[in-house]
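These are the residues of each chain, in order.
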Amino acid sequence: MNRQAFTLVELLVVIAIIGMLVGLLLPAVQQAREAARIMQCNNQLRQQGLACMNFESSTRSLPSVGWTWYFVGDPDRFGAEQPGSWIFSILPYMEQQALARLGSDGKPDEVTPEQKEGASTVCQTPLSGFTCPSRRSVKLYPCSFAATLANLEMGFREAAKTDYTANAGTQTTSSGTYNFYAIPTTMESAVTWTQGRKWPDYGNHFRGVIFTHSAVTFSQIRDGLSNTYMLGEKWLRADYYETGKDTGDNECMFTGTNNDIMRAVTYHSASENLAPLQDRAGIDTNYRFGSCHAGAYGTVLCDGSVQRINYSIDPQIHSWLGDRADGQIATIPQ
């Protein structure tokens, strides 16, 4: 009786064919996975934008990025008098009411041990809706040496981070630095500022919709809600995702005004602008929008729609789209 079997040559041919098929299919699988992650990223931006819109509907203004990096969220303060970030402000509109109320002590003008304990828990609670699935996992990340005073007082060196940021718009100064004027560093000094109406008009400096001590209403966005950025993905140095060394990623996402939670779109010239970029290693440019995704980054406009913005967008158009009332009705290139 004849016995049929594979020869060694036939076996090697089959293995080679399987290897070729895997090589052809693997890029397609990776592309499908990235497409799914981009869809998830877009949905997270949509939910954040919807929360900001609901916040505006309830309070008659969009949230601010808080006071300064010396403060974290305070559940007993609201609106422009909220020292924490825009992310802290919208927690109740993202089914995180319980988290937002941790540390409430009914004493908005004081920083009590009870408040610090609650704030510490909040700052060490990462949320999946603020982490880009293509960039990093949902966990705590190191705060660098430049971590906020609040973090130092609370004694932790890891915190929840965000991959999404608010549109502070164009700046009246050079794109190299934010000019914050004088800033309060304690609750006592901030209360004195509030009572004496000493807060500067940051709206003359930042032309976006969410910035320091802001309370921008939809009616003030004169260029149109569908023509103005609200939030977007932020640029990060690719070799610093896990380290906390990027100065645009070294704070907690609930901390007040800092580069972690607000970015600009300033355009001064072709050589001096904050056009969006894809993440890269070895480059420090922590004031701009961008992402780890190839080709484009995600943004949500003030009408709640999510758009992908190509990195090749004209920097001047990008700047116009970030300004709430410059009179330039720019549209997003398709």
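Residues numbered from 1 in each chain as written. Predicted model: local features only at pLDDT ≥ 70, side-chain atom pairs only at ≥ 80, totals over all residues. Heavy atoms only, no water.

(A) Spatial organisation of unusual backbone geometry. Residue Arg60 is not a glycine yet carries a positive backbone phi of 70°. Of note, Arg60 is situated in the loop between helix H1 (8–59) and helix H2 (86–90). If you check the backbone angles, Glu95 has positive phi at about 60° while not being a glycine. Residue placement: Glu95 occurs in the loop between H2 and helix H3 (97–100). (Helix = DSSP H or I, 4+ residues; strand = E, 2+ residues; numbered from the N terminus.)

(B) Looking closely at the confidence of the model for the protein chain. Confidence along the protein chain averages 88 in pLDDT terms, with 91% of residues attaining 70 or more. The low-confidence segment residues 173–177 (pLDDT under 50) makes 14 contacts with residues lying over four places distant or belonging to another chain. (pLDDT = per-residue confidence, 0-100. Contact = heavy atoms within 4.5 Å.)

(C) Fine view of the packing of aromatic side chains. The final tally for this structure, using the stated rule, is ten aromatic pairs. Ring centres of Trp86 and Phe130 lie 6.2 Å apart, and the angle between their planes is 65°; on these two criteria the pair is classed as edge-to-face. Of this pair, Trp86 sits in helix H2 while Phe130 sits in the loop between helix H4 (113–123) and strand S1 (141–142), and the two are 44 residues apart along the sequence. The residues Trp86 and Phe130 share a single accessibility class, namely buried. Taking 5.0 Å as the distance between ring centres and 80° as the angle between the ring planes, the aromatic pair formed by Trp193 and Trp199 counts as edge-to-face. For the residue pair Trp193 and Trp199, the accessibility class agrees, reading buried in each case. Taken together, the aromatic side chains of Trp67, Phe71, Trp193 and Trp199 make up a single cluster linked through ring pairs. The ring of Tyr141 carries the charged tip of Arg136 above its face, separated from the ring centre by 4.9 Å. (Phe/Tyr/Trp six-rings, centres within 6.5 Å; stacked < 30°, edge-to-face > 60°. Buried < 20%, exposed > 50% of the residue type's maximum accessible area, 1.4 Å probe, protein only. Lys NZ or Arg CZ within 6 Å of the ring centre and 35° of its normal.)

(D) Representation of the nonpolar core in the model. Residues Trp86, Ile210, Met230 and Phe254 are the most contacted members of the largest nonpolar core, which totals 55 residues. Mapped by element, the contributors of at least two residues to this core are H1, H2, H3, H4, strand S3 (164–169), helix H6 (187–195) and strand S4 (229–233). Apart from the residues lying within four places of it in its own chain, the contact partners of Ile210 are Cys52, Leu62, Pro63, Ser64, Val65, Trp86, Ala166, Asn167, Ala168, Met230 and Leu231. Among the nonpolar cores identified, the runner-up in size contains eleven residues, and Tyr297, Leu301, Ile309 and Ile313 belong to it. (Core = buried A, V, L, I, M, F, W, Y, C linked by side-chain atoms within 4.5 Å.)

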